[in-house]
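Analysis of the macromolecular model
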Amino acid sequence: MKTRTRRGAGAAEGLTLLLVVLSWLHVLQAQENQVVFSLGAFQNVSVPVNGSVQAVVSRIPAEVAFITLQFHTQHRNATLSFRSVPVYGSSLTAVDSGLLFPLLPSQSSLSCYLLAPDGDPVAGTGVLLPYTSTDPIPGACNLEFPLENDPNLYLRYNLYETIIRFAPANIGHPRGVSPPACDVETGSSTRWRLEYDVYQYFLPENDLSEQSLISGIERFASLSSVVENGRKLMTLSSRDRTEVSFNSIPGQGVIYSIIVRDPATNTSASYIPVHTYACNFASVLDGCATLGKISTKVFFTITGLAGLLVCFFGHRFFKCELFCMGFGFGAFFFFVLITRTTTLDYNIRLTLSAVIGVVGGVILVMTWWRFGSVMACVVVVGLILGFLISSIVFFTPLGDLAVFRDDAVFWVTFSCIVLIVPLFFIRWPREGNITTCGVVGSYTVVLAVNAYTYTSLSYITLDILKRLLNSNFSRAFISVPLQNIDFIMITVWVVLAVSGIAVQLYRERSRPFFPPSPYVMWCQERERRKTNVLDPSHHIPSFPARLLARARQLTRHTEPAGERTPLLL
């Protein structure tokens, strides 16, 4: 009996020891998958495959009423969840995700969970930002998105525009107090007094590194850093739509953030910033790292070389200049037409546009060759220069004025600028033609460089092309960054244009304004030969008569005349 009792006690002790060991291992594992955050300090976090990391913060001051947690990765999705097992309404999966924690009266700590949803490890950076009871609560009047209090910005993009949506905010309140109603009243004591400032921050050009993004996020996460480093684009009232549209810039990193302000208390709070490169990191064929199709590079390389020749020798070789201008005119408008009316592949559309461009160039040259009307051809050249000048005008901040979001106002103003430029060509045709050769020819060099490395100057004409192709592009903000490469390309553009114009004006100063039409010269020469009987060429048969006579000689056997025998001396 004693032996059995001793065996039972030993088994119980062994079971207790096993439970202690398992509990200890569980605690160690929990500590390994736990990250301690400090308020306002960034923390790098790595989430293992099919694993989770618990984010913990403690010692929260009593004056803090709510906290936002934001977590950012470059291109892999991460899940933020209030629970260890994510469910709809308590979690969010995104590249830039965030949660809002309203605090209870005696609460001094909180925790949440980070997970890797796509079967790959995820690494990113996160930060917890505290707010007081007087600060507005971003996303607290959410009726559209999954979370009850949703401080996130929801971003989507296409080739033409990047669209951001967000949930309205509510005015702040102390801990333990019920939040004010969102849509019962619209007076000055409700959330309708809040205003929303939209900010934008450009990452360095041609830099797709993760470190560049992390540095940008750290400079654009808190209230003070957003105002200091970002560019304010607009201010929305609570009665405006909670949706904003921007120009898509593939390959260029951009971070967007919205600051909600309460004018009554002079306080503010930040939504969760979001970033985009307007391209797909996972695509092998045409991803962010391989932007620019081979066909585009070939097309613009040839165009840039032709433009460089036009820049310095266009007026001297007038037929070549007309062909190049007609090529650009025809190719551009046919590309717009075929893109809006068909769903053909990009390479096919570019090839067909090049073919039509060749046809347009031949037509313009033959128009000058047959009719000899220099002014008609120069007007077409002037329209091309007017198009470029008008595009430059709307590339400036003038293009972001609210009045030009109306398509009718925009296109009427744009067309007027385009049509005014050729009027100067009527008075100074040669100077206008040489100016067009220098400005337009040097700009094609900029486009050729853009095919290999990003430069914002390509959006001078690309923004107009987008507006022609997309009916909704008028609502997009078209601001683009001007960084070191852009200032270098502006210098190259100006130097080439001024050099080309100066060289051509100097070389053509003693020559006729324009070369004569070959067909008109031939007609004049023919009339001269008909009327001038003293001219030896007057008695020469025409070319068709000479050709017919030669053919008759080849086909008709000539009979010999006279005696066949040798003559006797």
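In case you missed it, the structure is sitting above this.
Calculation rules
Residues numbered from 1 in each chain as written. Predicted model: local features only at pLDDT ≥ 70, side-chain atom pairs only at ≥ 80, totals over all residues. Heavy atoms only, no water. Salt bridge = Lys/Arg side-chain N within 4 Å of Asp/Glu carboxyl O. Helix = DSSP H or I, 4+ residues; strand = E, 2+ residues; numbered from the N terminus. Buried < 20%, exposed > 50% of the residue type's maximum accessible area, 1.4 Å probe, protein only. Disulfide = S-S within 2.5 Å. Pairing = 2+ DSSP bridges. Axes fitted to C-alpha atoms, helices over the stretch in contact; angles between N-to-C directions.

This part covers the pattern of salt bridges. Applying the stated criterion to the full structure yields nine salt bridges. The shortest N-O distance in the salt bridge between Asp197 and Arg261 comes to 2.5 Å. Of this pair, Asp197 sits in strand S12 (residues 195–202) while Arg261 sits in strand S15 (residues 254–262); the two residues are 64 residues apart in sequence, bridging distant segments of the chain. Its relative accessible area of 26% is what places Arg261 among the partly exposed residues. A salt bridge links Arg241 to Glu243; the nearest nitrogen and oxygen atoms lie 3.4 Å apart. Judged by relative accessible area, Arg241 falls into the exposed class, the value being 59%. According to the relative accessible area criterion, Glu243 is partly exposed, its value standing at 22%. Through salt bridges that share partners, Glu195, Asp197, Lys232 and Arg261 make up one connected network.

Once that is clear, we can look at the state of the cysteines. On inspection of all chains with the given rule, the structure shows one disulfide. The partner cysteine of Cys141 in its disulfide is Cys182, sulfur to sulfur 2.0 Å. On the sign convention where negative means left-handed, the S-S torsion of about -90° between Cys141 and Cys182 marks this disulfide as left-handed. Of this pair, Cys141 sits in the loop between strand S9 (122–132) and strand S10 (153–157) while Cys182 sits in the loop between strand S11 (161–166) and S12, and the two are 41 residues apart along the sequence. You can call Cys141 buried: its relative accessible area is 5%. For Cys182, a relative accessible area of 19% puts it in the buried group. The structure places no disulfide on Cys311, whose sulfur is separated from the nearest cysteine sulfur, that of Cys437, by 8.3 Å.

Next up on the list: the sheet that holds S11. Spatial strand order, S10-S11-S14: three strands in an open sheet with antiparallel pairing. The open sheet has two edge strands with one neighbour each: S10 and strand S14 (243–247). Taking each pair of neighbouring strands and ignoring which way they run, the sheet shows an average axis angle of 20°. With five bridges joining them, S10 and S11 adopt antiparallel strand pairing. Paired with Arg156 across the two strands is Ile163, which belongs to S11.

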